[in-house]
Amino acid sequence: MSLGWSRRAPVDTLVGTETAIDFAIPLVELPRVSHELTTRDGEARGHVRFSRQMGQAVADLEVNAQPEVVCQRCMQPMRWPVSLKSRVALVSDYDAADRVPEGMEVFLVEADSVSVRDLVDEEIMLALPNVPRHAEDSECAGRELRLPGQDVEPDETDDAQVQKPFAQLGELLKRK
Ligand SMILES: [Zn+2]
């Protein structure tokens, strides 16, 4: 079965036939990731394979991408390399999300269908930090403004902070 990354297909079919797809998706084609970008170039490359594991429809996903986002300290563009490998449980509602075995991520499927584009978009969004910034030892960090006599406050935002899948899911459900 041949399936492009942009086409939505029923989860049952993808899982039942254990569909596997190699993809190279232009980052601008990813609905949410595209809003974070500073350039129109770049691709998300990888591989996905659908199957049923422990009674759960899953997608085993590998993605590599180098989205260019804006550093929130100096407002200059920066590459944020994303290289991930995850097992994503495809669920249709919040109750099902609750039953997902530990170690799997959760993806909320709309109308029992999914596209590789949607999956990749979600996974890259989860891998991007809420507040992207250049590393602490970079030139940009050195340019930070500090007033004389003022104590240096420890940074409250965590560089490694990523969005939690369930927080994301809660938001999605609220929007329905
Ligand atoms: Zn910076």
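About the thresholds
Residues numbered from 1 in each chain as written. Predicted model: local features only at pLDDT ≥ 70, side-chain atom pairs only at ≥ 80, totals over all residues. Heavy atoms only, no water. Helix = DSSP H or I, 4+ residues; strand = E, 2+ residues; numbered from the N terminus. Buried < 20%, exposed > 50% of the residue type's maximum accessible area, 1.4 Å probe, protein only. Contact = heavy atoms within 4.5 Å. Areas by Shrake-Rupley, 256 points an atom, 1.4 Å probe, with all protein chains shown as cover. Core = buried A, V, L, I, M, F, W, Y, C linked by side-chain atoms within 4.5 Å. Expected span 1.5 Å × (residues − 1). Donors = N, O, S within 2.8 Å, 3.2 Å for Na, K, Ca; no water. Pairing = 2+ DSSP bridges. Axes fitted to C-alpha atoms, helices over the stretch in contact; angles between N-to-C directions.

1. Points about the overall build of the chain
Each helix and strand in the chain was counted, giving 5 helices and 9 strands. Put simply, the chain has 176 residues, and 40% of those count as buried. Counted over contacts in the chain with a minimum sequence separation of 6, partners at least 24 positions apart contribute 61%. For the chain, the exposed surface amounts to about 10300 Å²; the carbon and sulfur share of it is 47%.

2. Overview of the nonpolar core
Val48, Phe50, Leu90, Leu119, Val120 and Ile124 are the most contacted members of the largest nonpolar core, which has 38 residues in total. Not counting residues up to four positions away in its chain, the partners in contact with isoleucine 124 are Leu27, Leu30, Val33, Ala44, Val63, Ala65 and Val82. Counting residues in each nonpolar core, the second largest holds 9 residues, with Val58, Val91, Ala97 and Val106 among its members.

3. Remarks on helix 3 (residues 116-127)
Every α-helical turn comprises 3.6 residues, leaving residues that sit three or four positions apart pointing alike. When the terminal C-alpha atoms of helix 3 are compared, their 17 Å separation across 12 residues agrees well with the 16 Å that a helix rising 1.5 Å per residue should span. Extensive coverage of helix 3 is indicated by the burial of 10 of its 12 residues.

4. Focus on the environment of arginine 40
When you line up the elements, arginine 40 lands in the loop between strand 2 (20-26) and strand 3 (43-53). Residue classification places arginine 40 among the exposed positions, given a relative accessible area of 69%. Distance from arginine 40 to valine 28, taken between C-alpha atoms, is 6.0 Å for residues 12 residues apart in sequence.

5. So, the coordination of the zinc ion
The coordination sphere of the zinc ion contains the protein donors Cys71 (SG), Cys74 (SG), His134 (ND1) and Cys140 (SG), at a distance range of 2.0 to 2.3 Å. Read N to C, the donor residues that coordinate the zinc ion are spaced as C-x2-C-x59-H-x5-C. Taken together, the residues cysteine 71 in the loop between strand 5 (68-70) and strand 6 (77-79) and histidine 134 in the loop between helix 3 and helix 4 (139-142) connect sequence positions 63 residues apart. For cysteine 71, a relative accessible area of 0% gives the class buried.

6. Here's the deal with the sheet that holds strand 2
One open sheet accounts for 5 strands, arranged 2-3-4-7-8; its pairing is mixed. Taken across any chain shown, the strands that pair with only one partner, and hence form the sheet edges, are strand 2 and strand 8 (105-108). Mean inter-strand twist for the sheet, computed between neighbouring axes without regard to direction, equals 30 degrees. The sheet contact formed by strand 4 (residues 56-65) and strand 7 (residues 82-91) spans 8 bridges and is antiparallel. For alanine 59, the partnering residue across the bridge sits in strand 7 and is valine 88. Its contacts with the sheet place helix 3 against strand 2, strand 3, strand 4, strand 7 and strand 8, and it is angled at close to 120 degrees to strand 7.

7. Observations concerning the pairing of strand 7
Across the 10 residues that make up strand 7, a large majority, 7, are buried. Sheet topology places strand 7 next to strand 8; 4 bridges connect them, and they run parallel. Its bridge partner being in strand 8, alanine 89 is matched across the sheet by valine 106.

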